[in-house]
Each structure stands twice: as C-alpha cells, then as structure tokens.
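Summary of the model geometry
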Amino acid sequence: MSLLRVRNLRIELRTRDGVAPVIDDLGFDLAEGEAISLVGESGCGKSMTALGIMGLLPQQIGSIASGSIEFDGEELVGASERRMREIRGNEISMIFQEPMTSLNPVYTVGEQIAEVLRAHQNLSRSAAWNAAGDLLDAVRIPNPRSRLADYPFQMSGGQRQRVMIAIALACRPKILIADEPTTALDVTVQAQIFDLLRDLRRETGTSIILITHDMGAVAEMADRMIVMYAGRTAEIGPVDALISHPRHPYTRGLISCVPHIQVPLTETRDELTEVGGVVPSLSEFGADACLFASRCVHRTDECDSRRPGPIAFGPDHTADCWHAEAL
Amino acid sequence: MRALLEVRNLQVRFAVRRRGILGPRSYLRAVDDVSFTVATGETMAIVGESGSGKTTAALAIARLVNAAGGSVSLEGEELLGLKGEDLRRVRSKVQFIFQDPYSALDPRRRAEALVREPLDALTDRSPEVKQQIVAELFAAAGLHPEQLRLFPHQFSGGQRQRIGIARALATRPKLVICDEPVSALDVAVQAQILNLLRRLQTEYGLTYLFISHDLGVVQHMSDHVAVMYMGRIVEYADRIRLFNRPQHPYTAALLSAVPSIDMSKRSRRERILIPGDPPDPVNLPQGCRFANRCPIARDICTSREPALIEIEAGHSAACHFPGELALQESRHQSS
C-alpha cells in the first residue's frame, strides 16, 4: 500500500486577475521507503505541491479546491489545523533551499533541534538536548556535543543544511520533503548532502520527495520522477526510463538543454538544445489546451484545442502529450 | 595565439577586523599569487567553489576592487596603476556580465538607456551613432526593437540577462568577463544564454574570462580552465586535458561530485570523497591548503606548500603528488 496517495489535486491561487489553478489534476503515489522527485522550472508548481501536502499554503491566497491527499490511509485535505500540526514535523517534515534563512539566527542549533523534540515528543529539556547531540552525530557533524552550543552563523552552509536535516529527521518522520536542498551549496558539499540523505533513507526507511530542477540530482537520488509543467504533470515514471527515453518534449528539453559532463570529453561541441519561450503566465493556467504548446517544436492544432491526457508506456510510465507515442 | 590578457602574481587581500585596537591587523588573502594568460578569441574559465576567490580575481582584473600586488596587462598595457582618463579609456575595453540580472539593472531606467549607459560614460560618440549601436546590439542579443522602451521589470530573467550582455558589448570591449552569467537563470533559459554567448563570441571576435562553479557549463564553454581553491590556482590546462586527465586531487574530486544522468557511468564511477570544509581563510595552514580534505595527503603536504608547476606542456598543477588520485581511480575502474 502506498504511504502517500495524491489524487486529482487542484490547488488554486487567488491573483489580481482572478483564480488560477497552480496545481491542476495532479496524482501520484509514494511507497514506503521510496524516493520520488518533482522536476521542473520555477513556477511549475513543485513547491506548491509540497506546501499543499504540508498544509502550509499561504492563507487567504492559496487553497486546495478539490482532490485528495491521503497519508497512511488518512485524508489530509480538510483535516483540522490541530491534526496538521501533529503531522507536520512528526510524520512529514520538510527541508528548504536556503539553510541560511531557515534557521533562527538568535538561537543555538542545539536549542532549535531540541525545540522540535520537546514540542512533538514531550521530552524533558535535558533528554531533548541529549537527543539533539545524537542527531548532529547522525548527520555527521564532527564534535556534535560541543557544536550544539553554536549559533547558525558559526557554521558553514553545508553544516547548516545538515542541521536542517537533523531538525527534519528529529521525530523520525515517514516522509521527508526536500525542496531544492542543495541549490545554495557547492558541488562537493552537495555530494556530501546527497550521500547523507541516501544513507539516512537506508537506515530509517524514510520516504523522500525531492524537489529540484537538476536532472543529475534526480538521477542520483530518486527512483521515480514527476516532470511538472505549469501546474500539470507532463510525464511520470521510473527515472531510468524517463532519462533513456523521454516521451514528453518538455522532459526531453530539460535533459538536453543542460551541458552534462562528458566522459571522455572530445573536441566536438554541439549547440545546446534550447527550449524557446517562457513559462505561461498564471492567467493561461487551466486552459483546455497543452500549456507547453507555445514552446514546443511538435505543436499541432490538437495541442491548442484540447488538453492531452496521460498516455501509458508500460505499467507506471505515462506522458501527457498528444504526440508522445511518436516521440 | 597572441596573448590578450596577462595576469602575473595577482594579489587581493581584505583587512579583517583586528583583535582590540592594538592587536595585529590580519588579512584575508582572497586572491593569492594568481597568474594566467588569456589568448585573443578564446574562453578562459575559472572554476571553483564559493570563497575560492574566482570572482574577486575577476573584479581585480576589471579594476572593480583594488589589487594588493602583481600585474594585469591587456594588450601589453599595465592596468593596475592606471588613473583618471587612462583608466576610463581602458574600462571600455574590459566589460563585465554579472550573475544576477535582477539586481544588475537599474529598475528606473529603460532598456535602451541601460544598453547605452556604457557608451555615455566611456565614449564620446554622437547620439545618432549611439542609437544605432544600441539598436544593433539589441537585435544581436535576441531582443525585439519594440522592447527598447520597456523597464527591467517588464522582462523575464533570461531577457534581462540579454540586456546585460548587450550592455557589456556596447563599447566593443576586447575582454568580456562573464561572472556566473547563467547560474541565476532557469535551466531551460540557461541554454539560450550560453548559445547566445558563443554566437556573439564568433560574431564579434570576443575574448571571455568565464567564471563559474558549474563544471558542465565550463566544459561546454571553455578553451582553457583554471581551477581555484582558497585563493590559489591549483590546476590549469586546456579543456580536454583538464576534464579527461585531472592531475590535482581537488579537480578530480570536484569532477566526481557532479551528479551524472548517465546510468552506466554512475554505477562504475567511484566518488572521491572530500570530507569537511575548507580551512579558515584568515589563518591558512602552513602546507597545502587542500591537505586537510585531501584523500592522498602525506606528511610533506602539511609542512610545505606545493607550487603550481608544469607537469606536461600546457598543463600545470599545484600538488606534491600530481596525477596520483586520477590514476588510482582508473585502476579501480578496470578491476
């Protein structure tokens, strides 16, 4: 049985020009211990999906209009704020892109880790402090006990992200949502954080939802991926299958527009494939057409007149494109 | 090929607050004894992680921060001592493309004024000629003439970077310094800007000093590459040699840390782990600056700092045991 089951999710955002569906008919499953990745450009709805699951959509502006998010058999859409508070941090937790701004600068990292444990697990002050030391050790910070008294500014970016991971994992959540966890970090530090997340996943069996725009990171970390475009699923399936044979032109574009490291490197240097144009504006979201059409080289009349539905390639690989079979 | 830019023993240091008013003044050596040459028409890339000094080196070359020592010569003319009118004349030959197109453009000026600004400040051409140059660059950068009168907020990130590029080319510079020109942009837009930069290089015969932390981008754009770590160049080579046969363990580690989408290579490749963080830049260790993270460090590495020496023609590394790590890796692969 799947741990997280999202069906027909629609998240609406109120803008000056009316209501726009920033997530439109999204559905996916996350199994226990599985790692999936949400991939796409900024504005495609990756983070909105995460905030929707966490019940953290901006009040008065964003709301879940329809659909269901089932966590461990329990419906989260419409759950009370009190229940969501119990789930957040305890069962589902999240780490963010900016380890610099996500930590409180006026509290020591020990206090910030202990706070979670005291709030969710009713540990005493000293027990929580001890547990915080163990957590820092688990995320491989050297001399964990003495570093507990450090303030965030005394740590490097990579160490701060480790502290964020320690906070997120403090209550042994079933799902960890990592929103661009390494974008602000150097590549060698990124490799360390990925290694850490992989090890923790193996040790604790935590499921991971990785949000990123980097196909390389997806390939290293995830089992399956969901390529999102303008709030809709473009393609969903196993990472290997999508990379070796992408069926949606957008997936194809995301893979080929990035200069990947070549081994061995040769003299030939081809032009990079461009995905022309830009993401459509919010006012165009929700139209009964393919929203990628304006940037697509395979565009036909059909793309402008009807929204493509999922076309299946194998048991768990689908692409929402009228021309997917030909690609 | 003729050398356009020659940098010799460049030093940039920043004063760090001293302990008490009588304490010794200490310095952070952001760029420490850096030398390299850029040939006319090529792209020389400087890679390194944050804090390695790559941007500071570029700023010093463009005379946007003061160098503490060394020499920078462009077409044989020394730039570091220039003042007043001489400096203004040289500025038109060295232009900068900045990382963040959102903060690099004055929000209150129209696109045409932004592109024209370097012409106003650094040249004395007639208004008609300026107008003509702006229109031409606008087209060359892939922008539409009807966008000339728009303000920066009316453009997307990629279009803003196009304005930044047009602006940098306005004075027909010899050297264009591109400081992380795509790292603030969405992946799909990065390709457009990288292709544009390469197209303009051929069209206008530009020489690029290309600063980036993204090895994929560097591999695609560069002709020569210098790898910086803690203010020093640790390896320098042409692009093929650097990526295929890295000699410095830091370069090898950096390359192995890049996530790959190639399944077959991912399983075969052994990641070189460099644990920990770089040393405190104010109190640098005595020996090699990379020694505390280096997987092949030995006694000599913590006592004596290795010099950047040529291993074969055109390929230098600052390591006591160059090539050793890369060799181990390939042996590992074949077994």
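Our subject is the structure that appears above.
What comes next concerns the included structure. (Residues numbered from 1 in each chain as written. Chains lettered and ligands numbered in written order. Predicted model: local features only at pLDDT ≥ 70, side-chain atom pairs only at ≥ 80, totals over all residues. Heavy atoms only, no water.)

With that settled, the discussion passes to the pattern of salt bridges. For the structure shown, the criterion picks out 47 salt bridges over all chains. With a shortest N-O distance of 2.9 Å, R10 of chain A and E12 of chain A are connected by a salt bridge. Under the relative-accessibility criterion, R10 of chain A is labelled partly exposed at 26%. Two residues, R295 of chain A and E41 of chain A, come together in a salt bridge whose shortest N-O distance is 2.9 Å. Taken together, the residues span a long stretch of sequence, with R295 of chain A in the loop between α11 (249-256) and α12 (301-305) and E41 of chain A in the loop between β3 (35-39) and α1 (46-54) at a distance of 254 residues. Both residues of the pair, R295 of chain A and E41 of chain A, count as buried. Several salt bridges share partner residues, and in doing so they unite E75, E77, D86, R89, K93 and K174 of chain B into one network. (Salt bridge = Lys/Arg side-chain N within 4 Å of Asp/Glu carboxyl O. Buried < 20%, exposed > 50% of the residue type's maximum accessible area, 1.4 Å probe, protein only. Helix = DSSP H or I, 4+ residues; strand = E, 2+ residues; numbered from the N terminus.)

Moving on, we get to the environment of M48 of chain A. Residues and elements named next belong to chain A. One can find M48 in helix α1. Taking the C-alpha atoms as reference points, M48 and C296, separated by 248 residues in sequence, lie 24 Å from one another. Leave out the neighbours within four places in its chain, and M48 touches I11, L13, V22, I23 and L57. (Contact = heavy atoms within 4.5 Å.)

Phi angles above zero are rare outside glycine, and N8 of chain A is one such case at about 45 degrees. Relative to the helices and strands, N8 of chain A resides in strand β1 (residues 2-15). Positioned with a positive phi, M230 of chain B is a non-glycine residue whose angle comes to about 50 degrees. Along the chain, the position of M230 of chain B falls in the loop between β9 (224-229) and β10 (232-238). By relative accessible area, which is 10% here, M230 of chain B ends up buried.

With that settled, the discussion passes to the environment of A65 of chain A. Residues and elements named next belong to chain A. As for its position among the elements, A65 is in strand β4 (residues 62-71). Sequence separation between A65 and R299 is 234 residues; the distance between their C-alpha atoms is 30 Å. When sequence neighbours within four positions are dropped, the list of residues in contact with A65 reads R10, I11 and E12.

Let us look at the interface of chain A and chain B. Counting residues at the interface gives 48 residues for chain A, matched by 43 residues for chain B. Taken over both partners, the interface formed by chain A and chain B buries close to 3900 Å², and the fraction arising from carbon and sulfur atoms is 55%. Taken as a group, I261, L265 and R269 of chain A account for 20% of the area that chain A buries against chain B, more than any other trio of residues on that side. The shortest N-O distance in the salt bridge between D223 of chain B and R269 of chain A comes to 3.1 Å. For the pair chain A and chain B, the number of links is 14 residue pairs in polar contact (both at pLDDT 80 or more). For the side of chain A that touches chain B, the secondary structure elements donating two or more residues are α8 (187-204), α9 (215-221), α10 (239-244) and α11 of chain A. Per-element accounting of the side of chain A that touches chain B gives the leading share, 8 residues, to α8 of chain A. By residue class, the composition of the side of chain A that touches chain B is 20 nonpolar, 15 polar and 13 charged. (Buried area = accessible area lost by both parts, 1.4 Å probe. Polar contact = N/O pair within 3.5 Å; in protein donor to acceptor, adjacent residues only side chain to side chain. Nonpolar A, V, L, I, M, F, W, Y, C, P; charged D, E, K, R; others polar.)

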